[in-house]
Amino acid sequence: MTYVINKDNKTVPWGTSDVAVNDRVPILSNTTIQLRSAKTYNSLSYATRLSISRNWLQGRYREYDYYHHAQMFPTKLILERNFLYVTHMDYLRVYGRANNEPLQRRYQREISTSVRGDISSFTKKQDTIFVGRITGNCYIWEDGFAYDQQLHSAKEYLHCVDFEDDLYVTSTNVCAKLWYRTNELGMVYLEELAELPQEFKVIKLSEGGERLFGGLYTDSGRQALREYDVESGKESVLNSNSLSIYDLLIKDEHILFTGNFDTTCHLYDRRSNRDEAIFEDPFDSSFYCIEYDGLYALLCGTKYHSRVNLYDIRMPNKYQQLYFPRRTKRAKNQSSPVYSLACDNRYLFVATDHNLRVFDFKENYAERRDYSNVFSDKRRIAML
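Residues numbered from 1 in each chain as written. Predicted model: local features only at pLDDT ≥ 70, side-chain atom pairs only at ≥ 80, totals over all residues. Heavy atoms only, no water.

Visitor: Would you explain the overall build of the protein chain in this entry?
Guide: The secondary structure content of the protein chain amounts to two helices and 30 strands. Relative to its 384 residues, the protein chain shows a buried fraction of 56%. Taking all contacts inside the protein chain whose residues are at least 6 apart in sequence as the whole, residues at least 24 apart take part in 50%. For the protein chain, the accessible surface area stands at approximately 17800 Å², while carbon and sulfur atoms represent 46% of it. (Helix = DSSP H or I, 4+ residues; strand = E, 2+ residues; numbered from the N terminus. Buried < 20%, exposed > 50% of the residue type's maximum accessible area, 1.4 Å probe, protein only. Contact = heavy atoms within 4.5 Å. Areas by Shrake-Rupley, 256 points an atom, 1.4 Å probe, with all protein chains shown as cover.)

Printed below as a string of structure tokens:
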């Protein structure tokens, strides 16, 4: 059975009376903006939120550059209401939000340990941060203290980490492992529970830690999306047509989003065991990362030109807007991938090779960069 999403953001069977798949409601409607505002630093009036919504669709924004670094590095981001967490090399820095611009220029805290190694992945839930280094060393940061542990061989390359309550998971180019957190004499220790002998590029635990969803780095059978039942240890191959998965988001207990190497982003429904929507890149570029706003807006970071695509999950056949950061003289590589994305109501944060780009959509008099109909526009666009 095919399922679709109605106006109330509920997934219902196709053909029921409340299906609203073809209703062309503005993608960033007032309801969507209210969900996004959980991460918005300053309160906004209704008129301002409506204006910002219009600017997202029209491509009207002011661009900022932050934290330039000469050495190329795949930066990772996590956005909160008052802080932005940014990785570079072997440290994690915490930047405060600002009133007059998107971020403060100086970091408020730098989180690191005596063990060196580039950070490849991290996640934060409540006051606990779990950080993984490419060398297989991981640490838990909590209450101002870091607890280091070598979880994988230094010869392996660590791809991704995640945790839910006392259950932790790590994945490398060799295998993925499940860990259980124990506390003894004030020390934190992770005890191995299970091992999955595949290379997962991305891996996520569901809410409550009952299931584990992962995307394989490559699968010749084009079924790279997997599900693992933590309690029984049963692994299931999900019916999603994917050669390689670079990023994965869990919408709810039924819906998964995957950003794929094959230039598509999939909306997969566990109930029907199929891809219910496929979002294609207009320039055949791989999707390195994805971000979901909680309602209708889906953002995809691409492999080339630091480009970000905006989609409406109710309209999979057409992108809504394309965002291209301007070229800078300081950047050696003008065709950087987007390594990580974060957004709130007003700002879009884009991590590139050499810096962090921030788009401010509150600027009503900023230059308009509208690429929503780039293939039908006969005007010459130098950027493309």
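Visitor: Is there a simple way to explain empty space enclosed by the protein in this structure?
Guide: Unoccupied space between atoms shows up once a probe the size of one water molecule is rolled over them. This model, assessed by the stated rule, comprises five cavities of 30 Å³ or more. One number sums up the size of the largest cavity: a volume of about 50 Å³. Residue lining of the largest cavity: Phe-130, Cys-138, Tyr-139, Ile-140, Tyr-147, Asp-148, Gln-149, Leu-151, Val-188, Tyr-189 and Leu-190, and that is the complete set. For the lining of the largest cavity, the secondary structure elements donating two or more residues are β10 (137–142), β11 (145–150) and β15 (187–196). (1 Å grid on protein atoms, 1.4 Å probe; cavity = no way out; pocket = protein on both sides within 12 Å on 5 of 7 lines; lining within 4 Å. Points joined across faces, edges and corners; volume = space filled by probe spheres on them.)

Visitor: What should I look at first to understand the pattern of salt bridges in this one?
Guide: Any two side chains of opposite charge can pair if their charged atoms end up close together. Summed over the entire model, instances satisfying the criterion amount to 27 salt bridges. Among the salt bridges present, the one from Glu-227 reaches Arg-270, with a minimum N-O distance of 3.1 Å. Here Glu-227 is found in strand β18 (residues 225–229), whereas its partner Arg-270 is found in the loop between β22 (264–269) and β23 (274–280), with 43 residues between them in sequence. The shortest N-O distance in the salt bridge between Lys-251 and Asp-252 comes to 3.3 Å. Judged by its relative accessible area of 18%, Lys-251 is buried. For Asp-252, a relative accessible area of 29% puts it in the partly exposed group. Counted as one network, the salt bridges with shared partners bring together Glu-63, Asp-65, Arg-326 and Arg-357. (Salt bridge = Lys/Arg side-chain N within 4 Å of Asp/Glu carboxyl O.)

Visitor: Is there a simple way to explain the packing of aromatic side chains in this structure?
Guide: Pairs of aromatic rings are described using the distance from one ring centre to the other and the angle between the two planes. Taken as a whole and assessed by the stated rule, the structure comprises 22 aromatic pairs. Summarising the aromatic geometry, the rings of Tyr-95 and Tyr-107 are spaced 6.3 Å apart at their centres and angled 85° between planes, so their arrangement reads as edge-to-face. One end of the pair, Tyr-95, is in strand β6 (residues 91–96); the other, Tyr-107, is in the loop between β6 and β7 (109–111), with 12 residues separating them in the sequence. Here Tyr-95 falls in the buried class, since its relative accessible area comes to 5%. (Phe/Tyr/Trp six-rings, centres within 6.5 Å; stacked < 30°, edge-to-face > 60°.)

Visitor: I'm lost on helix α2 (residues 46–58) in this one. Help?
Guide: Since one α-helical turn is 3.6 residues long, residues separated by three or four positions face the same way. With 13 residues, α2 extends 19 Å between its outermost C-alpha atoms, agreeing within 8% with the 18 Å of an ideal straight helix rising 1.5 Å per residue. If you check which residues of α2 are buried, you get Arg-49, Ser-51, Ile-52, Ser-53, Asn-55 and Trp-56. Two residues or fewer after α2 comes Gly-59, characterised by a positive phi angle close to 75°. (Expected span 1.5 Å × (residues − 1).)

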